[in-house]
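# Results of the structural survey
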Amino acid sequence: MRTFLQNLFSVFRLYSWATILNIVGLSVAFAVMYVIVRQSWYEFSFDKHYPEHELIYRVEYGSGKSRSDNFERPRLSPRLSASPHVKESGMCYMFASDASIYTSDSFTNGYAAKALRINKGYTDIFSFKWVSGNVSRFDLSDKNIIIPASMAKKIFGTADAAGKQMKMQFDIYNLGDVYDDYNIVAVYEDFPENSTIFNGVYVSLANFMEDVWYNAGFRGYVKVNKKENVKIIEDAMTLSCISNESKDDRNTKLFPMDDIYFHSRTDSTHDMGTLTKRGDIRFTWLLLSFALLVISVAMINFSNFSMALAPGRIKSFNTQKVLGASLWALRFQYLMECVAISFIAFLISLLIVQIAIICGISKLFIIDVSLGGGASIVAFCAIVAIIIGLVVGIYPAVYMTSVPAAIALKGSFRLSPKGLYFRNLLIGFQFIVAFVFLIICLFFYLQNRYMLTAPLGFDKDRTVVVRVGYTPRSEIYSSIENGLKNYAGAEYVFATDNLLLNASGIYQGWGREGKFLSVIEVTPDIIPGLGIEITEGRAFNPDEVSGKMLVNESARRKYEFKLGDWWNGYEIIGFIPDIKIHSFYKSCDTPLTLLVGDEAGMDRRFNMYMKLKPGVKEKDAIAYCKKVIEPFELPEEKIPVLMLEDVAEDLYEEDINRMILFSLFCGLSMFIAVMGVFGLIMFELQSRRKEIGIRKINGATVLSVVALFNKTYIRIMLICFVISVPVAWYFVQRWLEAYVYRIPLYWWVFAVAFFILLVVVSATVSLQCWHTANENPVKSLKMNE
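One structure accompanies this document, and this report is about it. All values reported here derive from a predicted model rather than from experimental measurement.

## Let's talk about the overall build of the protein chain
Along its length, the protein chain carries 24 helices and 22 strands. By residue count, 55% of the 785 residues in the protein chain fall in the buried class. Counted over contacts in the protein chain with a minimum sequence separation of 6, partners at least 24 positions apart contribute 80%. About 34200 Å² of surface is accessible on the protein chain, with carbon and sulfur atoms providing 59% of the total.

Here it is as structure tokens:
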């Protein structure tokens, strides 16, 4: 052990620069591997913690791309009880709402939470673990609720929350001044973060909309007895359908719960985003591929650095052989050095992760990547680090101890042409990796820029958004609205029920007379406020308070609407273009209506907007809005005030984070690849110093020597670029397919990627060659080859 430590410290002392670079490259690679494996484990284990999770399915109907999981309750109930092969069934009302909670009549100590209506079967399917209380009578009253243990502790401390009451208002069917009393029948153990089941308040469905046919807002789940019986269950559900369902609507399908997370963004169901967290399996696999490639590149660098140090180490090893050291002892000693260096790099990588958390980089991930919650991942990465040290050390150990002692002690040795060819292949692999990820990164940037700057069919600039949300008193809306209108810099003030460009994609859906439209309730000034074009007809009058609607062109084409038509009690007074109120993952050519609702609808001004006059400072306007709403704060949270442009950015927050994350990874891959070039050129310069000296004596200039070495690497880069282009094109094409609106595959992006890497590599090679080429040639000729 003492000899091993002496040799290790000797390596650090004699080859400090090379060893530091090697450790830095490995540390960065291990840090990347840790966070990617941690996030991938989170995603691949999503919804896998429910007992018998593989037997849980979501109920859908329809066929092909027209499938839906949104049911009216009378249509869903017969399906859930149609087959004896269903062990358990449950349902929920799919719209999760913001709840305002109080524990006393004084309306102090308020709390905010998410609330969702479910039945007891829902808790059975997803195996809620009960901390206290009894849910056997949960379905008997729509005033029964269950809450998570974290909320119970927050509100009631150490006292048992089961049996207590809370005053709560939580959805659009319970608006007004009066808060209802709800009974806490049970407390459940919090679910993990990687779960569709969120930790909020669950309210009993009881008889809620039991016989209502106009609200397709229910979602059903079943747990089957055997996976083999899924087709039998689907057929039984189809046969249970009632007579007024169409042929396509009768067609029932079961969608595996295990697959929902990765399909919620791209599947064809009408996922409203309220209950389902969304993953992108393509990006997850891309990250895992990157982790594998960056580790591979780091291993190559490790090997390159080891071989670059070979001249000095060969003399040392063969001196020890002459003095009696065994061949296998020397090889084992070198292997342990490599393992030690790799493990030291791994320990430093943990420090890098902690620094990334402090600097805020960890927010780019969907999980907490701190070391405390990932002990098993840390252990896995530690084992990988040890294996890498062993694998990388094998070839250099054999090579450096196989040179005959007589030749080694003379110092006459260099890597064979075959060995140099193999090393060029390795460096070529690094270039291919760098090219592919740089090209993908550039396309990421361009697509995200396009999403943030492309025309939406309305003007989102200079618009302040005040997200009022649900309030205990309806007159708050009028007070805030009047306060905004009194601002000297306000050009228009208007409101909507659901936030435009909201990340969840939730808008009301009304189905009548065989027609289904997304509905946004608005106040009249929205048309001039957002500069929405009227393609035919007229806009709302300023004093219009109810009964009028504007319909988009898609609805006009699909349902053959005409000016003056009436639908669901509203008159169509005009048509507007297909404005983009969703993310670019979804087409804007879906039927949509903006309508001025009735008096009750006027109390749904949950989101207010103030269009600023030209020249008004956004900062001043936001400060004024905050002052207006200061007396009307919601429980435990500030009413958010932001620009509509910021809302658009939030819509693509995940995409922007992915772009930043991938840009970071791209930079790291280039950094590690350049370090590989550094190691290889260092090795070649050591073995070709005499050749350089002879060239200079024969008249070669420093620039010609630099050009000679650059020529070799530029040739390798050209070959690698040709190989990397189709690989990058394939990945970019597949990634862009997820967007309805996307950029083309610009040819010049590939050229820019080549130019960037060419400049970086040429600079690295030139700086090293310049130093060696400027040495005194007499000194180089005196050195043994």
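## Remarks on helix α6 (residues 230-239)
Among the residues making up α6, those that are buried are Val230, Ile233, Glu234, Ala236 and Met237. Along the axis of α6, the buried residues cluster in a sector spanning 165 degrees; they form a single face. The elements touched by buried residues of α6 are β1 (56-61), α3 (73-80), β2 (86-93), β10 (218-224) and β11 (252-256).

## Digging into the nonpolar core
Soluble globular proteins tend to bury their nonpolar side chains together. Of all hydrophobic cores here, the largest spans 135 residues; its most connected members are Phe30, Phe431 and Phe458. Tallying contributions element by element places helix α14 (residues 417-453) first for this core, with 15 residues. When sequence neighbours within four positions are dropped, the list of residues in contact with Phe431 reads Val677, Tyr713, Ile716, Met717, Cys720, Leu757 and Val761. Tyr50, Ala96, Ile146 and Phe191 belong to the second-largest nonpolar core, a separate cluster that totals 24 residues.

## Notes on the environment of Asn194
Position of Asn194 relative to the elements: it lies in the loop between β8 (180-188) and β9 (201-204). Between the C-alpha atoms of Asn194 and Ser45, which are 149 residues apart in sequence, the distance is 7.3 Å. Here Asn194 is in contact with Tyr42, Ser45, Phe46, Asp47 and His49, once residues within four sequence places are set aside. There is a polar contact of 3.0 Å between the side chain of Asn194 and the side chain of Ser45.

## A closer look at the sheet that holds strand β12 (residues 463-467)
The 4 strands lie next to each other as β13-β21-β12-β22, forming an open sheet whose pairing is antiparallel. A single partner strand is all that each edge strand has here, and the edge strands are β13 (490-496) and β22 (641-643). Ignoring strand direction, the axes of neighbouring strands in this sheet form an average angle of 25 degrees. By the bridge criterion, 6 bridges tie β13 to strand β21 (residues 607-612) in an arrangement that is antiparallel. Pairing of Ala495 across the sheet is with Met608, part of β21. The strands touched by helix α15 (residues 475-485) are β12, β13 and β21; relative to β21, the strand with the most contacts, the crossing angle is about 5 degrees. Against the sheet, helix α18 (residues 618-629) engages β12, β21 and β22, with an angle of about 155 degrees to β22.

## Concerning the environment of Phe305
With respect to the helices and strands, the residue Phe305 is situated in helix α9 (residues 281-308). Along the primary structure Phe305 and Thr19 are separated by 286 residues, whereas in three dimensions their C-alpha atoms are 7.8 Å apart.

## Let's talk about the packing of aromatic side chains
In total, this model carries 34 aromatic pairs according to the counting rule given. What links up through ring pairs into an aromatic cluster is the set Tyr50, Tyr122, Phe126, Phe128, Trp130, Tyr188, Phe191, Phe198, Tyr202 and Tyr221. Arg75 extends its terminal NZ or CZ atom over the ring of Tyr61, reaching a point 4.5 Å from the ring centre. Seen from the ring of Phe208, Arg117 lies directly overhead, with NZ or CZ sitting 3.9 Å from the centre.

## Quick word on a negative patch on the surface
A surface patch of like charges, here negative, comprises Asp461, Glu618, Asp646, Glu649, Asp650 and Glu653. Per element, the largest residue contribution to the negative patch is 3 residues, and it comes from helix α19 (residues 644-651). Note on placement: Glu649 falls in helix α19.

## Describing the pairing of β21
Most of β21 sits inside the fold, with 6 of its 6 residues counted as buried. Across 5 bridges, β12 lies against β21 in antiparallel orientation. Along β21, the bridge assignment pairs Arg467 with Asn607.

## Some points on the environment of Ser150
Within the element layout of this structure, Ser150 appears in helix α5 (residues 149-156). The spacing of Ser150 and Glu189 is 39 residues in sequence and 8.0 Å in space, taken between C-alpha atoms. Within polar-contact distance, the side chain of Ser150 engages the side chain of Asp190 at 2.6 Å.

## Notes on the packing of helix α11 (residues 327-358) against helix α12 (residues 375-400)
Between α11 and α12, the least distance of the axes is 7 Å, while the angle of their chain directions is 145 degrees. The interaxial crossing formed by α11 with α12 has right-handed handedness.

## Remarks on the packing of α15 against α18
Following both chains from N to C, one finds α15 and α18 inclined at 150 degrees, their axes separated by 9 Å at the closest point. On the basis of their axis angle, the class for α15 and α18 is roughly antiparallel. Every pair of crossing elements has a handedness; the one defined by α15 and α18 is right-handed. Across the interface between the two elements, Ile480, Gly483 and Leu484 from α15 touch Tyr624, Cys625, Val628 and Ile629 from α18.

## Topic: unusual backbone geometry
Positive phi is not limited to glycine here, since Ala206 has a value of about 45 degrees. Tracing the backbone shows Ala206 in the loop between β9 and β10. In this structure Ala206 comes out as buried when scored by relative accessible area, which is 13%. Unusually for a residue other than glycine, Asn568 sits at a positive phi of about 55 degrees. Tracing the backbone through its elements, the reader meets Asn568 in the loop between β18 (566-567) and β19 (570-576). Residue class for Asn568 comes out partly exposed when judged on its relative accessible area of 25%.

About the cut-offs
- Residue numbers restart at each chain and count upward from 1, following the sequence in its written direction.
- Local features are withheld for residues below a pLDDT of 70 in this predicted model, meaning they are given only at 70 or higher, and side-chain atom pairs are given and counted only at 80 or more; totals for whole chains, interfaces and linings count all residues.
- Heavy atoms from the whole structure form the basis of all side-chain values; hydrogens and water molecules are not counted.
- Secondary structure elements follow DSSP: runs of H or I of four or more residues count as helices, runs of E of two or more count as strands, with numbering from the N terminus.
- Three exposure classes are used, based on accessible area relative to the maximum for each residue type with a 1.4 Å probe and protein chains only: buried under 20%, partly exposed in between, and exposed over 50%.
- Here, residues are in contact when the closest pair of their heavy atoms is within 4.5 Å.
- Under the convention used here, a 1.4 Å probe and the Shrake-Rupley method define accessible areas, while residue burial counts only the protein chains that appear.
- Relevant arc is that of directions from the helix axis to the C-beta atoms, nothing else.
- What is meant by a nonpolar core is a set of buried Ala, Val, Leu, Ile, Met, Phe, Trp, Tyr and Cys residues, joined one to another through side-chain atoms within 4.5 Å.
- Any pair of N or O atoms that falls within 3.5 Å is considered a polar contact. Within protein, one atom must be able to donate a hydrogen and the other to accept it, and sequence-neighbouring residues count only if both atoms are side-chain atoms.
- Being paired, for any two strands, means DSSP has found at least two bridges between them.
- For every element, the axis is a line fit to its C-alpha atoms; helices are fit only across the contacting stretch, and the angle between N-to-C directions ranges from 0 to 180 degrees.
- Working definition: a ring pair exists when centres of Phe, Tyr or Trp rings (six-membered ring for Trp) sit within 6.5 Å. Plane angles under 30 degrees give stacked, over 60 give edge-to-face, the rest tilted.
- Only Lys NZ and Arg CZ are tested; either one counts as a charge over a ring when it is within 6 Å of the ring centre and within 35 degrees of the ring normal.
- In this analysis, a patch consists of residues with relative accessible area above 30% that form no salt bridge, clustered at 9 Å for like charges and at 5 Å for the nonpolar side chains Val, Leu, Ile, Met, Phe, Trp and Tyr.
- Here a salt bridge means any side-chain nitrogen of Lys or Arg lying within 4 Å of a carboxyl oxygen belonging to Asp or Glu.
- Here Asp and Glu are counted as negative and Lys and Arg as positive; His is not counted, and neither are the chain ends.
- Charge positions come from single atoms, namely NZ of Lys, CZ of Arg, CG of Asp or CD of Glu.
- By convention the crossing between two helices is left-handed if the near helix lies anticlockwise of the far one by an angle smaller than a right angle, and right-handed if it lies clockwise.
- Between 65 and 115 degrees an angle is taken as roughly perpendicular, under 35 as roughly parallel, over 145 as roughly antiparallel, and anywhere else as oblique.

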